[in-house]
Amino acid sequence: MTKKNKSAIQRRLIPTYIFLIIVSFISVFPLYWMISAATNTSTDVSRGRIIPGSHFMENFRNLTSQQPLWRALGNSFFYAILTTVICLLICSIAGYGFEVYHDKWKDRVFSILLLAMMVPQVATMVPLFKMFSKAGLLNTAVGFILPIISTPFMIMMFRQNARSFPVDIIEAARIDGLSEVRIFFQMFIPTMKSTYAAAAVITFMNAWNSYLWPKVIMTDNKAMTMPMLIANLITGYVTDYGMLMCGVLFCSIPTMIVFFVLQKQFAEGITGAVK
Amino acid sequence: MNSKKKGMSLLGKQRAAGWTFLAPATIMIAIMSFYPMIRAFIISLQTGAGANMRFADPIFSNYKRILADKVFQQSIVNTFLYLIIQVPIMLVLAILLAQLLNNKDLKFKGFFRTCVFLPCATSLVSYSLIFRSMFATDGLINSILIKLGILSTGYNFLGNSASAKIVIILALIWRWTGYNMVFYLAGLQNIEYSVYEAAKIDGANGWKTFWKITVPLLKPTIIMTFIMSINGTLQLFDESVNLTKGGPANSTITMSHYIYNTCFINVPNFGYAAAMSFIIFIMVAVLAFINLKVGDTRD
């Protein structure tokens, strides 16, 4: 009886499956095409070849001879990891502070901070560029990270998640004589792993993918990031699609790995954030 | 407890700890967002370049210039076109997908979820370049259409202003639907399944359940994603720069792209760029405010 029921349910879900398969295909296909194009010659790509070829090394050699691939990869990794570590520390301690010690004034400060969400990047670009060039921060990692290490979104996410952190634990720890700082580092951080994972995924991806700000302050090729490098590949009149997609592949792999490794924790962390 | 600060009560100590905890982030936002915003307003009242910046003679002359700037007006029209068409389609699709994936009888849930989210793992520049290549005159879409006999020669999708806009909108939907879906899925998982069971017993069909239960309970998430999408769309930059280069003839250029060009390409004009960026700031603020108000009154 139950078995029959189950198969009836599955049969009713067939349109859902078909729809989801189509959506999944559309979602994944451009990425598959990117990978396959990275292994084909530009002419084959133009002819519409979609099966992987054997010209990856050729595309890769063309790319490294034209662009400082390793340097850009290294830069992007360095900037993105630095941003993630500092951003998580600053924003999580702030989110925790806003939630655990909340009072009228802190709530007010928090709602003012949320206003910063509405400040468009392009509006702060000119003043920040002037400030940073005066301070000698052009083409430096510090210049890259400073505007993005503290974001209202991250603070909000940690604040929301801190709500699920039991007050009893804090009280018990206080009675045991732990200082407020140690409660945060020894109790809060270890219990909130999935929140940190979600925050790390979002921050790393944003930092790695950011384009406008690096384009503004990284005036020297030596400080170039991956998105800047691949954007350079279409400046000529003829585009070498194989080489271009090879570059795009190198720009996409790190964020994809980060996402796949932390996928489960990412979903859990987001669930806590929208509660 | 050590008694270094003897005069301080336990509560006072905690309050001080709270302020210390939130100080670094708050100060950073003040220096990196609020202060530059004020500076941007001051710069927007100035003309000249480099060390010779001085206040404009009619003080609002940069703002006056906006009224006569056809390209900036075009960029506003473009940006709002993307906003009005893309955001609703994307959010409805995202809720629909989340609703479908939240079915407990569905198999391969994890697989579907990963597939739909995967586009978000690519950088904005990456996917812009992928779509640019796919829709190029000698790109994949054209070669498929030619093979199917629909076209005889490659159609220049990015060379025609209407089709170029459509490509940008398609690309945006492709990139962001999964991202929004994750938030809805998380929101749905916080709704007790028994609520749905009860609705089923009461004889509500899927459509009714969706509008009477899912949407109201997801309202905070919907408002959040709506504000994030509006904010993101008004600031579109990477796609305009890399997918269409703003072309043909500025017909797909976005506000941020035009402001960037005003600052760093051609003859730099920081004052005028700051004036335009301040207009974007006001637009974002007004739209977010309306959004929050509308969200409130429906309670």
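Rules and cut-offs
Residues numbered from 1 in each chain as written. Chains lettered and ligands numbered in written order. Predicted model: local features only at pLDDT ≥ 70, side-chain atom pairs only at ≥ 80, totals over all residues. Helix = DSSP H or I, 4+ residues; strand = E, 2+ residues; numbered from the N terminus. Rg over C-alpha atoms; globule rule 2.2 N^0.38 Å. Buried ≥ 20, exposed ≤ 12 C-beta atoms within 10 Å, placed from the backbone. Contact = placed C-beta atoms within 7 Å. Nonpolar A, V, L, I, M, F, W, Y, C, P; charged D, E, K, R; others polar. UniProt positions renumbered as here; feature names shortened; annotations may be inferred. Axes fitted to C-alpha atoms, helices over the stretch in contact; angles between N-to-C directions. Parallel < 35°, antiparallel > 145°, perpendicular 65-115°, else oblique. Left-handed = near helix turned anticlockwise from the far one by under 90°. pLDDT = per-residue confidence, 0-100.

Novice: Got a minute to help me understand the overall build of chain A in this structure?
Specialist: Counting its secondary structure elements, chain A contains 15 helices and 0 strands. Against the compact-globule benchmark of 19 Å for 275 residues, chain A has a radius of gyration of 24 Å, which places it well outside the compact range. Across the 275 residues in chain A, those meeting the buried criterion constitute 47%. The long-range share in chain A, meaning contacts at least 24 apart out of those at least 6 apart in sequence, stands at 80%.

Novice: Teacher, can you tell me more about the overall build of chain B here?
Specialist: Secondary structure assignment for chain B yields 12 helices and 2 strands. The secondary structure elements of chain B, listed N-terminal to C-terminal, are α-β-β-α-α-α-α-α-α-α-α-α-α-α. The C-alpha atoms of chain B give a radius of gyration of 25 Å, which is well past the 19 Å a tight globule of 299 residues would have. Projecting the C-alpha coordinates of chain B onto the three principal axes gives extents of approximately 85 × 70 × 40 Å. In chain B, once contacts between residues fewer than 6 apart in sequence are set aside, the share between residues at least 24 apart is 69%.

Novice: Help me understand the interface of chain A and chain B in this model?
Specialist: A common way to express how large an interface is: the accessible area buried when the components associate. At the junction of the two partners, chain A supplies 69 residues and chain B supplies 73 residues. Mapped onto the side of chain A that touches chain B, the elements with two or more residues apiece are α2 (14-38), α5 (69-100), α6 (104-115), α7 (121-134), α9 (152-162), α12 (193-209), α14 (226-232) and α15 (241-273) of chain A. No other element matches α15 of chain A, which puts 13 residues into the side of chain A that touches chain B. The class makeup of the residues in the side of chain A that touches chain B is 50 nonpolar, 15 polar and 4 charged.

Novice: I'm lost on helix α11 (residues 255-264) of chain B in this one. Help?
Specialist: Because each turn of an α-helix spans 3.6 residues, side chains separated by three or four positions end up pointing in the same direction. All names here are of chain B. The element α11 is extensively covered by neighbouring structure, given that 8 of its 10 residues are classed as buried. All buried positions along α11 are accounted for by Met255, Ser256, His257, Tyr258, Ile259, Tyr260, Thr262 and Cys263. Two residues or fewer past α11, Asn266 is found with a positive phi of approximately 60°.

Novice: Quick question: what am I supposed to make of the UniProt feature "transmembrane region" (unreviewed entry) in chain A here?
Specialist: Per the UniProt record, "transmembrane region" (unreviewed entry) is found at residues 12-35, 77-98, 110-129, 135-155 and 241-262 of chain A. Across residues 12-35 of chain A, helical content stands at 96% and strand content at 0%; the span's end C-alpha atoms are separated by 36 Å.

Novice: Sorry if this is basic, but what is going on with the packing of α15 of chain A against helix α7 (residues 161-189) of chain B here?
Specialist: Geometry of a packed helix pair, given as the angle between the helix axes and the separation of the axes. One can describe the packing of α15 of chain A onto α7 of chain B by two numbers: an axis separation of 8 Å at closest approach and a directional angle of 65°. When the axes of α15 of chain A and α7 of chain B are compared, the pair comes out roughly perpendicular. Judged by the twist between their axes, the crossing of α15 of chain A over α7 of chain B is right-handed. Across the interface between the two elements, Ala267, Ile270 and Thr271 of chain A of α15 of chain A pack against Val182, Phe183, Ala186 and Gln189 of chain B of α7 of chain B. Class assignment for the residues of the contact of α15 of chain A with α7 of chain B results in 5 nonpolar, 2 polar and no charged.

Novice: I would appreciate a short explanation of unusual backbone geometry in the present structure.
Specialist: Generally, phi is negative for residues other than glycine and the peptide bonds are trans, each holding for most cases. The backbone phi angle of Asn139 of chain A is positive, close to 60°, even though this residue is not glycine. Its location among the elements puts Asn139 of chain A in the loop between α7 and α8 (141-145). The backbone of Asn250 of chain B sits at a positive phi, close to 60°, despite the residue not being glycine. Within the secondary structure, Asn250 of chain B sits in the loop between α10 (238-244) and α11.

Novice: Just checking my understanding: could you explain the confidence of the model for chain A for this structure?
Specialist: Predicted coordinates in regions of low pLDDT should not be interpreted in detail. Looking at chain A, the pLDDT average stands at 88 and 98% of residues meet or exceed 70. Element-level pLDDT for chain A is lowest in helix α1 (residues 2-12) of chain A, with a mean of 76, against a maximum mean of 94 in α5 of chain A.

Novice: What's the story with the UniProt feature "domain: ABC transmembrane type-1" (unreviewed entry) in chain A in this structure? I'm lost.
Specialist: Taking the UniProt record as the reference, the feature "domain: ABC transmembrane type-1" (unreviewed entry) is found at residues 73-262 of chain A. Helix makes up 75% of residues 73-262 of chain A and strand 0%, whereas the separation of the span's terminal C-alpha atoms amounts to 21 Å.

Novice: Hey, could you run me through the environment of Glu239 of chain B in this one?
Specialist: All names here are of chain B. Mapped onto the secondary structure, Glu239 falls in helix α10. Once the C-alpha coordinates of Glu239 and Leu124 are considered, the two residues, 115 residues apart in sequence, prove to be 6.8 Å apart. With sequence-adjacent residues up to four places away left out, Glu239 is seen in contact with Leu124, Ser128, Ile168, Ala171 and Leu172.

Novice: Sorry, what's going on with the environment of Asn206 of chain A here?
Specialist: Residues and elements named next belong to chain A. By the secondary structure assignment, Asn206 is in helix α12. Classification of Asn206 by C-beta neighbours within 10 Å gives partly exposed; the count is 19. Distance from Asn206 to Ser76, taken between C-alpha atoms, is 11 Å for residues 130 residues apart in sequence.

Novice: Whenever I open this one, the environment of Thr262 of chain B confuses me. Can you help?
Specialist: Residues and elements named next belong to chain B. Tracing the backbone shows Thr262 in helix α11. Sequence-wise, Thr262 and Ala273 are 11 residues apart; in three dimensions their C-alpha atoms are separated by 5.9 Å. With residues up to four places along the chain from it excluded, the contact list for Thr262 reads Asn269, Tyr272 and Ala273.

Novice: Even after reading the chapter, I still don't get the confidence of the model for chain B, so can you show me in this structure?
Specialist: Residue and element names in this part refer to chain B. Mean pLDDT over chain B works out to 85, with 95% of the residues at or above the 70 mark. Counting interchain partners and residues more than four positions distant, the pLDDT-below-50 stretch residues 1-6 has 2 contacts. Taken together, the chains of this predicted complex give a pTM of 0.87 and an interface ipTM of 0.88.

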